[in-house]
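# Fold and geometry: a report
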Amino acid sequence: MSSIKKYVVVISALREELGYLLSDASINWKDAQENDSGVWYYEGLLKNTDITIIAASALEMGLTTTAIVATKLITKFNPILIIMIGICAGRTGRQVRIGDIVIPYKIIHYQFGTFERNKINQKPLTEETNQELYSLALSLANTDILDDIDTNFVGDKPTEGNLKCLCYPMASADWVVKDTTKLDETRFQDQDVIALDMESYAVVRAANTLKVPYGAMIIKSVSDYADSEKSDRFRAYAKFTSSSFLIKLLLEFNKTRDASVLEFSVSNPITHISADSKILILSAQSQDINYLMQSRFFSKEWGEIVDGNEHRYYTNTLNSANIIATSMSKSGLTEAAIITTRSIEGFQPKLIIVIGTCGGRKGKVKIGDIVLPNKVFHYQYGAFRDGQIDSELRVSYLDDRLLGFIETLSEERNKEVRRQIHQSFRSVAPHKRYPSTLSALYIAPMASADLVVKDSIALGTAISLDRKVVAIDMEGYAIMRAAKHSYAHPGVLIIKAVADYADRNKDDTYRSYASYASVSFCISLLHEVTSKLFHQSKKA
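None of the values given here were measured: they were computed from a predicted structure. (Residues numbered from 1 in each chain as written. Predicted model: local features only at pLDDT ≥ 70, side-chain atom pairs only at ≥ 80, totals over all residues. Heavy atoms only, no water.)

### Observations concerning the nonpolar core
- Judged by nonpolar contacts, the single largest core of 80 residues is most densely connected at Ile11, Leu73, Ile82, Ile352, Ile479 and Val492.
- Among the elements that line this core, the one with the most residues is helix α2 (residues 63-77), at eight residues.
- Excluding anything up to four places from it in sequence, Ile11 contacts Ala56, Thr66, Val69, Ala70, Leu73, Ile82, Ile83, Met84, Ile85 and Val203.
- With 41 residues, the next largest nonpolar core counts Val8, Leu22, Ile27 and Phe253 among its residues. (Core = buried A, V, L, I, M, F, W, Y, C linked by side-chain atoms within 4.5 Å. Buried < 20%, exposed > 50% of the residue type's maximum accessible area, 1.4 Å probe, protein only. Helix = DSSP H or I, 4+ residues; strand = E, 2+ residues; numbered from the N terminus. Contact = heavy atoms within 4.5 Å.)

### Brief notes about the packing of α2 against helix α13 (residues 476-485)
- At a closest axis distance of 10 Å, the pairing of α2 and α13 adopts a crossing angle of 50°. Accordingly, the angle class assigned to the pair α2 and α13 is oblique. The handedness of the crossing between α2 and α13 comes out as right-handed. The segment α2 lies against α13, with Thr64, Thr65, Ile68, Val69 and Lys72 engaging Tyr477, Ala478, Arg481, Ala482 and His485.
- Considered class by class, the residues forming the contact of α2 with α13 number five nonpolar, three polar and two charged. (Axes fitted to C-alpha atoms, helices over the stretch in contact; angles between N-to-C directions. Parallel < 35°, antiparallel > 145°, perpendicular 65-115°, else oblique. Left-handed = near helix turned anticlockwise from the far one by under 90°. Nonpolar A, V, L, I, M, F, W, Y, C, P; charged D, E, K, R; others polar.)

### Observations concerning helix α6 (residues 200-209)
- Among the 10 residues that make up α6, eight are buried, leaving the element largely enclosed by the rest of the structure.
- Within the sequence span of α6, burial applies to Ser200, Tyr201, Ala202, Val203, Val204, Arg205, Ala206 and Ala207.
- The positive-phi residue at the C-terminal boundary of α6 is Lys211, with phi of around 55°.

### Here we look at the packing of aromatic side chains
- Summed over the entire model, instances satisfying the criterion amount to 16 aromatic pairs.
- Consider the rings of Trp175 and Phe384, whose centres lie 5.3 Å apart with planes at 40°: the pair is tilted. With Trp175 in strand β14 (residues 175-177) and Phe384 in strand β24 (residues 382-385), this pair connects stretches of sequence that are 209 residues apart.
- The exposure class assigned to Phe384 is buried, which follows from its relative accessible area of 1%. (Phe/Tyr/Trp six-rings, centres within 6.5 Å; stacked < 30°, edge-to-face > 60°.)

### Description of the pattern of salt bridges
- Tallied over the entire structure, the rule returns 28 salt bridges.
- Linking Asp232 and Arg235 is a salt bridge whose minimum nitrogen-to-oxygen distance equals 3.7 Å.
- One salt-bridge network, in which partners are shared between bridges, spans Glu16, Asp232, Arg235 and Lys239. (Salt bridge = Lys/Arg side-chain N within 4 Å of Asp/Glu carboxyl O.)

### A closer look at the confidence of the model for the protein chain
- When pLDDT is averaged across the protein chain, the result is 89; 91% of the residues are at 70 or more.
- Confidence, expressed as mean pLDDT per element, reaches its minimum in the protein chain at helix α5 (residues 180-186) with 64 and its maximum at strand β22 (residues 370-371) with 98. (pLDDT = per-residue confidence, 0-100.)

This is how it looks when you write it as structure tokens:
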């Protein structure tokens, strides 16, 4: 048997969903331990195989944190496969029964889209699971394995009939759904979806982004229906059947997998960067990074690093610090969580600066104004019932030390920077529109969600959660959450400029100016950050 460990990562949303797996006698488990990225996990050898299972939980529901933990586990253990287990909710009227195991061949992120004319125009994101394993699961479902699993469970079982395995699409969002009738009317375009959860899309997206050899697999069991009658009665049964089917699948996978796939490595770009102090500059748009690299502020040429996932990072130096800049391939919270976590694990930056554009609250800010949020919250997280979102606040705060640093910048200094931005943009982009007045600077709350907002009603939802909110975006919360989840806890400073008012008149007229303003204000801070903030850290 090969001495090289073949890791399979098993992830769940909540720790309770791992309970039956961790008590299964077919796996020799070690005690729980913490890895150097701050994730507690269990390691166990599946008997009569050379598969080592790494089991961990995100410890909360939702796409963002699941994406962070999945990315950490993939980066740390270089698994050949990642599988998510646990419970899900069935869609009523779709011939799915409580207790059924769902093995989706694709996952749809159905909360993603454009909010316009008082409704979400769905632009779903889709990720496919491993088709080879999907076929393997189908073949297992046609054996006596399901009857064996059902027989072995001791406890309250559904009364609707024998255990079945259903292989249809599943949909994910940051909602606990308690109203599928209204949800069907407004959200779903793929009528083959039979089950809903809050995490699976993030796991599959992380696996596909980081090029895990066998990708991802989802094995979830229906514990209730996504309606007002949600109940925990069959939760234990669903957790048991999901875990039991996982073990049966891994045993079969061990027999059939390609023996040449031993391991893989997520390229670690940290080996290219030697400076002690590193600043990671992140953006959702490549235009922001282009403005950054075109700046005359940097005396050296920019270098380039391409990691094993073909993601590009651009590097430069300033004082004693290394500057590492990159943009995301897609917008949204899940994408931001993955790239931020991957970058933190690879480079270990001391500070993350987020640049780019945002939508502004009309009457509170103007086009071109610069927003440095003192806190960012996820305004589309919660329970969906009676056609409305019952919000559950998820908040990340600006580090007190960074807030203190920003507050020490004089008004005269900031006003001069904004004047220079307004004046210099005319020569940088002479054919682009710019505001007639100087930008203002706001240190105030910002809200995030997976929505391009073209309706002030959506902004009103954010305002109802925090009356002081002045802007909205699609990445800020996830980036701050990833930094907070990191073992190193890098500071995060978000610098965004208002490109529109997030209403029906939203367009790209001032996007170039807002992008330039954000980047330019960031550049104006870099010297002070490296000479003051980092210098004080070294003295301490």
